[in-house]
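Structural description and commentary
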Amino acid sequence: MNKPFAEAALLINATESIVLAAHVQPDGDAFGSLLAMATCLKQTGKNVCSTWGEEIRIPPQYQWMPGIDTVVDCRQCTEGDLLITLDCANERRLGMMESSLPGFKSIINIDHHVDNSNFGTINILDFYASATAEIVYQLLRFMNADIDSDVATLLYAGIVTDTGRFQYQNTTAQTLRIATELVEFGVIPNNIFHKIYENLSFSTLKLLARVLDRAKYIAESKLIYSYTLNGDLKETGADMGDTENFIDYLRMAKESNVAAIFKEVPGAGLRVSLRSKGSIDVGAIAREKSGGGHRNAAGATLNIPIADAVEWLSTRIIAQTSASISINE
């Protein structure tokens, strides 16, 4: 990684105006990586514009993050000398920012998704990293950046969310070493856990109750799924961002190999979040519908009814299982 780190550091040091962009529908890793990089660049006097390519809405569990108030509408960050993308597997994941790519002289693409399209002028890719925040941490250390407790907290939040609180298979020895170093920089793990996972509103609990009550299990594919409807948010007073961690509750069922939550989004089709425990590669399934993610955690946007989406997903899981059995025979 030293060569792309050196190339990126040289380019960053030579550039005064820098745009940072995370993927649309940002998660904890995208938020943490974006804000940590922005904080460190601003400390060196850089002019930084932080954004992502859709309406800026901050889920409640991330509103506490240092620097979150500096994120601006992507229309304010459409051109410049350098664009740094964070946690974006391809140009499409940049949303409305995709059309602005020709306006930048250079692009540094920092990511850990195995399906990354290498769209950057400089590509810093580590497919073994648990989170993009891991890579950002290594780059900042390489650049001798000032990693204070705020920056460390942001990076730790990115790692803890993308590893499912260090429970997913992407948690490695390196992940834990970096987490340890971040704690040494001033992170208080219990505080972050509380702010992200123990900060639900009563309206969110009511929505969660609906989701759990609707849960269904398909024995043939070992799929457990549930869904939210357009009217649920208004009726319960919850926010779509509140639903990010709902899938963890479905994933707990011992009978299932794959968990899914389908979410109706007005004007944006049907979004599905996927998690798997074992051999099923939900990232590959999501990519069939132009989605993305990892082997055990992925998502996509579908333009079909929920019933059809469930049938499609169950069929793809069965097909993968059958293919795996054939290979092993």
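Residues numbered from 1 in each chain as written. Predicted model: local features only at pLDDT ≥ 70, side-chain atom pairs only at ≥ 80, totals over all residues. Heavy atoms only, no water.

1. What about the overall build of the protein?
In terms of helices and strands, the protein carries 11 helices and 11 strands. For a compact globule of 329 residues, the expected C-alpha radius of gyration is about 20 Å, and the protein comes in at 20 Å, within 12% of that figure. Based on the C-alpha atoms only, the size of the protein along its principal axes is roughly 55 × 50 × 40 Å. Residue burial in the protein is summarised as follows: out of 329 residues, 50% are buried. Summarising the internal contacts of the protein: among those between residues at least 6 apart in sequence, 64% fall at separations of at least 24. When the accessible surface of the protein is split by element, carbon and sulfur atoms take 50% of a total near 14,500 Å². (Helix = DSSP H or I, 4+ residues; strand = E, 2+ residues; numbered from the N terminus. Rg over C-alpha atoms; globule rule 2.2 N^0.38 Å. Buried < 20%, exposed > 50% of the residue type's maximum accessible area, 1.4 Å probe, protein only. Contact = heavy atoms within 4.5 Å. Areas by Shrake-Rupley, 256 points an atom, 1.4 Å probe, with all protein chains shown as cover.)

2. Observations regarding the pattern of salt bridges
Taken as a whole, this structure holds 12 salt bridges when the rule is applied. With a shortest N-O distance of 3.8 Å, arginine 287 and aspartate 115 are connected by a salt bridge. Placement of arginine 287 in helix H10 (residues 282-287) and of aspartate 115 in the loop between strand S4 (104-111) and strand S5 (122-125) is noted, with a sequence separation of 172 residues between them. For arginine 287, a relative accessible area of 30% corresponds to the partly exposed category. Notably, a salt bridge pairs arginine 210 with glutamate 235, separated by 2.7 Å at the nearest N-O pair. Within this pair, whereas arginine 210 is found in helix H7 (residues 202-214), its partner glutamate 235 is found in helix H8 (residues 230-236), the two being separated by 25 residues in sequence. One connected set of salt bridges, linked through shared partners, spans Arg210, Arg214, Asp232 and Glu235. (Salt bridge = Lys/Arg side-chain N within 4 Å of Asp/Glu carboxyl O.)

3. Things to note about the side chain of histidine 23
Counting through the fold element by element, histidine 23 comes out in the loop between strand S1 (17-22) and helix H2 (28-43). Only 3.2 Å separates the side chain of histidine 23 from the side chain of arginine 93, close enough to count as a polar contact. In contact with histidine 23, not counting residues within four places along its chain, are Ala30, Trp52, Leu86, Asp87, Cys88 and Arg93. (Polar contact = N/O pair within 3.5 Å; in protein donor to acceptor, adjacent residues only side chain to side chain.)

4. Some words on the packing of helix H1 (residues 2-13) against helix H3 (residues 132-142)
As a packed pair, H1 and H3 sit with axes 10 Å apart at the nearest point and diverge in direction by 65°. Taken together, the axes of H1 and H3 lie roughly perpendicular to each other. The chirality of how H1 crosses H3 is right-handed. Contact with H1, carried on its side by Asn2, Phe5, Ala6, Ala8 and Ala9, involves Ile135, Gln138, Leu139 and Phe142 of H3 and no other residues of that element. For the contact of H1 with H3, a count of residues per class yields 7 nonpolar, 2 polar and no charged. (Axes fitted to C-alpha atoms, helices over the stretch in contact; angles between N-to-C directions. Parallel < 35°, antiparallel > 145°, perpendicular 65-115°, else oblique. Left-handed = near helix turned anticlockwise from the far one by under 90°. Nonpolar A, V, L, I, M, F, W, Y, C, P; charged D, E, K, R; others polar.)

5. Some thoughts on the packing of aromatic side chains
Evaluated as defined, the whole model comprises 6 aromatic pairs. Look at phenylalanine 31 and tyrosine 62: their rings are 5.1 Å apart centre to centre, the planes differ by 40°, and that puts the pair in the tilted class. Linking phenylalanine 31 in helix H2 with tyrosine 62 in the loop between strand S2 (47-52) and strand S3 (80-86), this pair joins segments that are 31 residues apart in sequence. For the pair phenylalanine 31 and tyrosine 62, one class covers both residues: buried. Their ring planes at 65° and their centres at 5.9 Å tell us that tyrosine 156 and phenylalanine 166 sit as a pair that is edge-to-face. On the criterion of sequence distance, the pair formed by tyrosine 156 in helix H4 (residues 149-162) and phenylalanine 166 in the loop between H4 and helix H5 (173-184) is long-range, its members being 10 residues apart. According to the relative accessible area criterion, tyrosine 156 is buried, its value standing at 8%. (Phe/Tyr/Trp six-rings, centres within 6.5 Å; stacked < 30°, edge-to-face > 60°.)

6. A word on the state of the cysteines
Under the criterion given, the structure shown has 1 disulfide. The side chain of cysteine 49 participates in a disulfide bridge whose partner is cysteine 77; the two sulfur atoms lie 1.8 Å from each other. A torsion of -55° about the S-S bond marks the disulfide between cysteine 49 and cysteine 77 as left-handed. Taken together, the residues cysteine 49 in strand S2 and cysteine 77 in the loop between S2 and S3 connect sequence positions 28 residues apart. Each member of the pair cysteine 49 and cysteine 77 is classed as buried. (Disulfide = S-S within 2.5 Å.)

7. Focus: the sheet that holds strand S6 (residues 216-218)
Pairing within the open sheet is mixed, and its 6 strands lie in the order S6-S7-S8-S9-S11-S10. The open sheet is flanked by S6 and strand S10 (292-293), the only strands paired with a single partner. Pairing geometry for S10 and strand S11 (residues 297-302), over 2 bridges, is antiparallel. Within S11, the residue paired with glycine 292 across the bridge is glycine 299. Contacts from H7 reach S6, strand S7 (223-228) and strand S8 (258-265), with the element oriented near 140° to S7. (Pairing = 2+ DSSP bridges.)

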